[in-house]
Amino acid sequence: KMPFQVKTKYDLAKLRLVNGVSEEEEETELELVFEKGSNLMSPLTVKWSAESGRAKKNFLVSLWKMVNEHMTTTPQFLNINYTMLQDSLSLSKTLKTSILVGLPRTVRD
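What counts, and at which threshold
- Residues numbered from 1 in each chain as written.
- Predicted model: local features only at pLDDT ≥ 70, side-chain atom pairs only at ≥ 80, totals over all residues.
- Heavy atoms only, no water.
- Core = buried A, V, L, I, M, F, W, Y, C linked by side-chain atoms within 4.5 Å.
- Buried < 20%, exposed > 50% of the residue type's maximum accessible area, 1.4 Å probe, protein only.
- Helix = DSSP H or I, 4+ residues; strand = E, 2+ residues; numbered from the N terminus.
- Contact = heavy atoms within 4.5 Å.
- Salt bridge = Lys/Arg side-chain N within 4 Å of Asp/Glu carboxyl O.
- Phe/Tyr/Trp six-rings, centres within 6.5 Å; stacked < 30°, edge-to-face > 60°.

Chemist: Please clarify how the nonpolar core should be interpreted in this entry.
Modeler: Inside soluble globular proteins, nonpolar side chains tend to come together where they are buried. Grouped together as the largest cluster of nonpolar side chains are 16 residues, with contacts concentrated most on Val18, Leu32, Leu63, Phe77 and Leu85. Within the residue set of this core, elements represented by two or more residues are β1 (15-19), β2 (29-36), α1 (53-70) and α2 (82-101). Top contributing element to this core by residue count: α1, with 5 residues. With residues near it in sequence (within four places) discarded, Val18 still touches Leu30, Glu31, Leu32, Leu60, Leu63, Gln76, Phe77, Leu78 and Ile80.

Below, the structure written as structure tokens:
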């Protein structure tokens, strides 16, 4: 029997820190620190645990992409393999560009 879990939503704009706990691929834990209201002295820390190291990596890559595309101020990323994040971001841009090249101009614009 699965335990009941309440889903909670967090505002991406209030994300201040992403702590990967360790750069090791097997590590599944992650901490997200959000600004709590207007009080920066008492931040809200959310501990998140993935099912596997790969699930954590996929979550971090998605979060990295959202932050880089939609936020003006980027949160701090600690204990995270930046090469993996940069590679995934450049790969995403390459795929997006190569997909758009094959589309008619009216669709691309």
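Structure shown, so let's carry the discussion forward.
Chemist: Teacher, can you tell me more about the pattern of salt bridges here?
Modeler: Pairing between side chains becomes possible if they bear opposite charge and their charged atoms approach one another. One pass over the structure, following the stated rule, counts 2 salt bridges. Across the pair Arg16 and Glu35 runs a salt bridge, and its minimum N-O distance is 2.8 Å. One end of the pair, Arg16, is in strand β1; the other, Glu35, is in strand β2, and 19 residues separate them in sequence. Taking relative accessible area as the criterion, Arg16 reaches 33% and is therefore assigned partly exposed.

Chemist: Where do I start with the packing of aromatic side chains in this structure?
Modeler: For any pair of aromatic rings, the description rests on two quantities: the centre-to-centre distance and the angle between the ring planes. According to the stated counting rule, one finds 3 aromatic pairs in the structure shown. Here Trp64 and Phe77 contribute two aromatic rings whose centre-to-centre distance is 4.9 Å and whose plane-to-plane angle is 80°, an arrangement assigned as edge-to-face. Remark: Phe77 occurs in strand β4 (residues 76-78) and Trp64 occurs in helix α1; sequence separation between them is 13 residues.

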